[in-house]
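# Structural features, examined
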Amino acid sequence: MLYTSSLSKLESGWCSLASSDSKSLIKKYLTKGVFGELKGKKTSFGSTLLDCVQSGFENHDSGVGIYAPDAEAYTVFAPIFDPIIEDYHKGFKPTDKHPAKDWGDVNALGDLDAEKKYVISTRVRCARSLVGYPFNPLLTEAQYKEMEEKVSTTLKGLAGDLQGEFYRLTGMSKTVQQKLIDDHFLFKEGDRFLQAANASRFWPTGRGIFHNRDKTFLVWCNEEDHLRLISMQMGGNLGEVYKRLVTAVNDVEQRLPFAHHDRLGFLTFCPTNLGTTIRASVHIKLPKLAADKAKLEQVAAKYSLQVRGTRGEHTDAEGGVYDISNKRRMGLTEYQAVKEMNDGITELIKIEKQL
Ligand code: ADP
Ligand code: DAR
């Protein structure tokens, strides 16, 4: 049985969320019945329902509000994860199986904005979890150090234009760190959603960034996921960005075993990133379309695109620059996810030109 403190925190957290005006997916799907069914359960790692939903209980402005403290949580707490996955990924049902990895034809994509009028920069990222380690909330300080060493040693083996250096957050000067964040290369600190999910323990131990000379290939270590592998560059040449990411991921996965689930695809801390784990995004200015933000979001949603502020979720646009990306990551291949962004952004630019 769970300690009474955990159960009482669950009960009070659920009541507080139920009476709030939260729009989160756990508010929508953690019904009294599902709550009653799951509140006493634990994974073999010891993760409880509270470990999964505490971020959403503390942050009623969460969009989703739930994370998986370990891979088993997706199965033990399936009655809450499955409906959230089906809602977020637009119909990925509990009976559906995520397709095998398929990067498609890496030469099929080109420049989203050859005239260089709208797209400021283009980025494609995927997430990977290392086999043998639980997710952030359960990692020990020793595991953080071990993973950091394993990742930095592995990435030292990259060659050609992927060759680069690993920089630990521990000991990084605040000036260097802030410049990397300001320039959109490094993850921000103090994400309250991750902190509330117990995903920031022992910070900055085990956290770091690898990047090549041109900062066009980067790897985040132990921010939200074990690894975020990122390809990015100025301008709209999605084809070049995508090709670089595929080359890099194919190389790294020869050196590190990644956690993959037969039904859910590549496993991640947040259910919104499961499956392909691909987010293909542009920093883009669409002044006419964005004059009416609601209209921009409505048009974007038609193409399964997500509109966010300049620095990602829960941020505002700076100087009219929006981060627009594919929303779906499950039930389609890596190529299809990037193509969905490609086609959606192409349409948004076409509409902007007609206004
Ligand atoms: P998450 O999906 O966990 O919210 P992302 O993979 O979207 O995180 O990374 C968010 C970070 O990436 C932010 O710092 C944001 O500034 C940066 N970013 C996202 N898209 C772009 C882009 N097209 N150009 C430059 N930076 C970008
Ligand atoms: N901030 C949490 C997670 C939303 C999805 N984004 C991630 N995983 N970076 C929320 O529920 O809003």
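Residues numbered from 1 in each chain as written. Chains lettered and ligands numbered in written order. Predicted model: local features only at pLDDT ≥ 70, side-chain atom pairs only at ≥ 80, totals over all residues. Heavy atoms only, no water.

### So, the overall build of the chain
For clarity, the threshold we go by: The numbering of helices and of strands both runs from the N terminus, where a helix is a DSSP run of H or I of at least 4 residues and a strand a run of E of at least 2. The size measure is the radius of gyration over C-alpha atoms, and the globule rule it meets is 2.2 Å times the number of residues to the 0.38 power. Under the scheme applied here, a residue whose accessible area is under 20% of the maximum for its type counts as buried, over 50% as exposed, and between as partly exposed, the area being computed with a 1.4 Å probe on protein chains only. The protein chains shown are the only cover counted for residues, whose accessible areas, like all others here, come from Shrake-Rupley with a 1.4 Å probe. Counting rule applied: Lys, Arg positive; Asp, Glu negative; His and chain ends not counted. Just so you know, the charge point we use is NZ for Lys, CZ for Arg, CG for Asp and CD for Glu.
The secondary structure content of the chain amounts to 12 helices and 10 strands. By the compact-globule yardstick of 20 Å for 355 residues, the chain fits well, its C-alpha radius of gyration being 20 Å. Counting only C-alpha atoms and orienting by the principal axes, one finds that the chain spans roughly 60 × 50 × 40 Å. Burial status across the chain gives 56% buried among its 355 residues. Here the chain displays about 15,000 Å² of accessible surface, and carbon together with sulfur accounts for 52% of that area. Of note, the chain has its 48 positive side-chain charges centred 1 Å away from the centre of its 46 negative side-chain charges.

### Thoughts on the pairing of strand β8 (residues 279-285)
What counts, and what does not: Only strands joined by at least two bridges in the DSSP assignment are considered to pair.
In terms of residue burial, β8 counts as a mostly covered element, since 6 of its 7 residues are buried. The sheet contact formed by strand β1 (residues 119-128) and β8 spans 6 bridges and is antiparallel. The partner of S121 across the bridge, within β8, is H283. Summarising the sheet, β8 and strand β10 (residues 321-326) pair through 5 bridges and their orientation is antiparallel.

### A short note on the site of ligand 1
To keep it simple, the criterion reads: Throughout this document, a residue counts as near a molecule or strand when at least one of its heavy atoms sits within 4 Å of that molecule or strand. Counted as a polar contact is a pair of N or O atoms within 3.5 Å, where, for protein atoms, one must be capable of donating a hydrogen and the other of accepting one, and residues adjacent in sequence contribute only when both atoms are in side chains. Charged means Asp, Glu, Lys or Arg here, nonpolar means Ala, Val, Leu, Ile, Met, Phe, Trp, Tyr, Cys or Pro, and polar covers whatever is left, Gly included.
Inspection of the region around ligand 1 gives 18 residues, with S121, R125, H184, S281 and R308 positioned closest. R279 places a polar side-chain atom, nitrogen or oxygen, 2.9 Å from an oxygen atom of ligand 1. A distance of 2.7 Å separates a nitrogen atom of ligand 1 from a polar side-chain atom of S281. Considered on its own, ligand 1 offers 560 Å² of accessible surface; in the complex 93% of this is hidden by protein. Sorting the residues of the shell around ligand 1 by element identifies β1, β5 (227-234) and β8 as the ones contributing at least two each. Grouping the amino acids of the shell around ligand 1 by side-chain chemistry returns 3 nonpolar, 6 polar and 9 charged.

### With respect to unusual backbone geometry
Cis peptide bonds are those with omega within 30 degrees of zero, and the linkage from W203 to P204 qualifies with 5°. Within the secondary structure, P204 is located in the loop between α9 (192-196) and β3 (208-212). Positioned with a positive phi, H184 is a non-glycine residue whose angle comes to about 70°. Along the polypeptide, H184 turns up in the loop between α8 (174-182) and α9. The partly exposed category is assigned to H184, whose relative accessible area is 26%.

### Side note on the pattern of salt bridges
Stated precisely, the cut-off is as follows: We define a salt bridge as a side-chain nitrogen of Lys or Arg found within 4 Å of a carboxyl oxygen belonging to Asp or Glu.
All told, the structure shown has 22 salt bridges when counted by the stated rule. Ionic pairing is found between D225 and R228, a salt bridge with its closest N-O pair at 2.9 Å. For the pair shown, D225 and R228 are each scored as buried. A network of salt bridges, in which partner residues are shared, links E224, D225 and R228.

### Some words on the sheet that holds β5
Counted only if it meets this: To get an axis, a line is fitted to the C-alpha atoms, and for a helix only the part in contact is used. The angle between two axes follows their N-to-C directions and goes from 0 to 180 degrees. Should any heavy atoms of two residues lie within 4.5 Å, those residues are considered in contact.
Within the open sheet, the 8 strands sit side by side as β2-β3-β4-β5-β1-β8-β10-β9. Their pairing is antiparallel. Edge strands, defined here as strands with exactly one partner in the open sheet, are β2 (164-168) and β9 (305-308). Neighbour-to-neighbour, the strand axes of this sheet turn through a mean angle of 20°, independent of strand direction. Contacts between helix α7 (residues 141-155) and the sheet are confined to β2, β3, β4 (217-221) and β5, with β2 contributing the most and set at about 165° to the helix.

No statement about biological role is implied by the geometric values presented.
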